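Notes for the structure review
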Amino acid sequence: MVGTLPPAASPLTAAPTVPLPRRPLDASDQVRRWYENDLGWPTVPDGPGTPVRLSVGPRFDVLDVPVEAGLAALRHLAPGSPVAVQDGRMRLLLAAGSAEEVPGVLDWLEWGSLRLDLRTLGEGDTMTAPLPADSGTPAADVGPRPQDGLPWSTGTRARPLEPSSTDPRPALSRSASGALQGAAVWLRPPEAGCEVEASLPTLSALGGGGGAPDLVRVLDTVATQCHRLRLRACAQPPAFS
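Residues numbered from 1 in each chain as written. Predicted model: local features only at pLDDT ≥ 70, side-chain atom pairs only at ≥ 80, totals over all residues. Heavy atoms only, no water.

For the protein, the count of helices and strands is five helices and eleven strands. The proportion of buried residues among the 241 residues of the protein is 41%. For the protein, restricting intrachain contacts to residue pairs at least 6 apart in sequence, the fraction spanning at least 24 positions comes to 70%. For the protein, the exposed area adds up to about 13900 Å²; of that, 57% sits on carbon and sulfur atoms. (Helix = DSSP H or I, 4+ residues; strand = E, 2+ residues; numbered from the N terminus. Buried < 20%, exposed > 50% of the residue type's maximum accessible area, 1.4 Å probe, protein only. Contact = heavy atoms within 4.5 Å. Areas by Shrake-Rupley, 256 points an atom, 1.4 Å probe, with all protein chains shown as cover.)

Have a look at this one:
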């Protein structure tokens, strides 16, 4: 009929809407997903693009010591015990709840009255999440103690290592010394799909019971090394400009 309007299009025949493209994951999102999905470790919510931080306490506690002191304690750890390094510090992961026991153990070992360069992180604390081992950032490497006197970095200045053929402790290799000056990296990374708790130092392993590392041996070793470092620093002559 002349003058009749065409029928309106049915809503069912409307053109389909195209979904918006997904925002690509940035580096911090990928790191966060690796910790939360692959390891089951909780992270602390933060803004995009900021370094990921791990929540300490639910799965593990942390013992933070100078690298040289931490290296001496590696022999007491299990092969799967995670260890991280950053800015001249070594972070040894301990069994959850161990941070509260450390002061009492140090007192029992007669180290409690001395000022030692170590600290613990426990329930309610956070730590910078080291980059995953497969993220393209080279992991810190441990090799034989160098005998050529080349320096390695502690994050503040380079110190020469005294040649010693009788010292069995490992030292950071040249590739690791560069990593110590930047972001946190894994010296011994955790393995996805493996329960990390069984490899963490704990007080319940005192005397060698079970397969977990003995927390008392770890603390006695790092305390001894921290005390030696303090004595060494006090014995150095003052620098004159």
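Let us keep going from here.
Quick look at the confidence of the model for the protein now. Summary statistics for the protein give a mean pLDDT of 77 and a share of 66% for residues scoring 70 or more. With pLDDT under 50 throughout, residues 142–180 is counted as low confidence; its partners more than four residues away or in other chains account for 68 contacts. (pLDDT = per-residue confidence, 0-100.)

Turning next to the environment of Arg 188. Within the secondary structure, Arg 188 sits in strand β11 (residues 185–188). C-alpha separation for the pair Arg 188 and Val 85, spaced 103 residues apart in sequence, amounts to 9.4 Å. Every residue in contact with Arg 188, bar those within four places of it in the chain, is listed here: Leu 74, Leu 77, Ala 78, Pro 79, Ser 81, Pro 82 and Val 83. A distance of 3.3 Å separates the side chain of Arg 188 from the backbone oxygen of Ala 78, its partner in a polar contact. (Polar contact = N/O pair within 3.5 Å; in protein donor to acceptor, adjacent residues only side chain to side chain.)

For strand β2 (residues 60–66), the tally of buried residues reaches seven of seven residues, placing the bulk of the element in the interior. In the sheet, β2 pairs with strand β4 (residues 89–95) via seven bridges, with the strands oriented antiparallel. Considered in β4, the bridge of Phe 60 is made with Ala 95. Here three bridges tie β2 to strand β5 (residues 119–121), and the two strands are oriented antiparallel to one another. If you follow Val 62 over to β5, its bridge partner there is Leu 121. (Pairing = 2+ DSSP bridges.)

What follows concerns the pattern of salt bridges. In a structure, side chains of opposite charge can pair up when their charged atoms sit close to one another. For the coordinates displayed, the defined rule picks out seven salt bridges. Counted as one network, the salt bridges with shared partners bring together Asp 64, Arg 89, Arg 91 and Asp 117. (Salt bridge = Lys/Arg side-chain N within 4 Å of Asp/Glu carboxyl O.)

Here we take up the nonpolar core. Proteins that are soluble and globular tend to have nonpolar side chains buried together. With 28 residues, the main nonpolar core has Leu 63, Met 90, Leu 92, Leu 118, Leu 219 and Val 222 as its most contacted residues. Setting aside anything within four residues of it in sequence, one finds Leu 63 in contact with Met 90, Arg 91, Leu 92, Leu 94, Leu 118, Arg 119, Thr 120, Val 218, Leu 219 and Val 222. In this structure, Leu 39, Leu 54, Phe 60 and Leu 93 belong to the second largest nonpolar core, which totals 19 residues. (Core = buried A, V, L, I, M, F, W, Y, C linked by side-chain atoms within 4.5 Å.)

Turning our attention to the pairing of strand β3 (residues 83–86). In β3, alternate side chains face the same way, and those of Val 83 and Val 85 on one face and Ala 84 and Gln 86 on the other are all buried. Bridge count for β3 against β4 is four bridges, and the pairing is antiparallel. Looking at the pairing, Gln 86 lines up with Arg 89 of β4. Joining the antiparallel neighbours β3 and β4 is a turn of two residues, in which Asp 87 adopts a positive phi near 50°. When β3 meets β11, the two strands line up antiparallel, connected through three bridges. Residue pairing in the sheet places Val 83 in a bridge with Arg 188 of β11.

Scanning the model with the defined rule gives four aromatic pairs in all. Ring geometry for Trp 41 against Trp 186: centres 6.3 Å apart, planes inclined by 70°, an arrangement best described as edge-to-face. Taken as a pair, Trp 41 in the loop between α1 (27–39) and β1 (53–55) and Trp 186 in strand β11 lie far apart in primary sequence, 145 residues in all. Each residue in the set Trp 34, Tyr 35, Trp 41, Phe 60 and Trp 186 is aromatic and connected to the rest through ring pairs, giving one cluster. (Phe/Tyr/Trp six-rings, centres within 6.5 Å; stacked < 30°, edge-to-face > 60°.)

Let us now look at the side chain of Thr 202. Along the chain, the position of Thr 202 falls in the loop between β11 and α5 (215–235). In this view, Thr 202 contacts Ala 95, Ser 98, Ala 212, Pro 213, Asp 214 and Leu 215; residues no more than four positions away in its chain are not counted.

Attention now moves to the environment of Gly 193. Of note, Gly 193 is situated in the loop between β11 and α5. As a C-alpha pair, Gly 193 and Gly 40 span 153 residues in sequence and 9.0 Å in three-dimensional space.

Attention now moves to unusual backbone geometry. Located in the positive-phi region is Asp 87, a residue other than glycine, with phi close to 50°. Summarising the element assignment, Asp 87 is placed in the loop between β3 and β4.

Pairing is antiparallel across the open sheet formed by five strands, whose spatial order is β5-β2-β4-β3-β11. With one partner strand each, in any of the chains shown, β5 and β11 form the two edges of the open sheet. Strand-to-strand twist of the sheet, defined as the mean angle between neighbouring strand axes without regard to direction, takes the value 30°. (Axes fitted to C-alpha atoms, helices over the stretch in contact; angles between N-to-C directions.)

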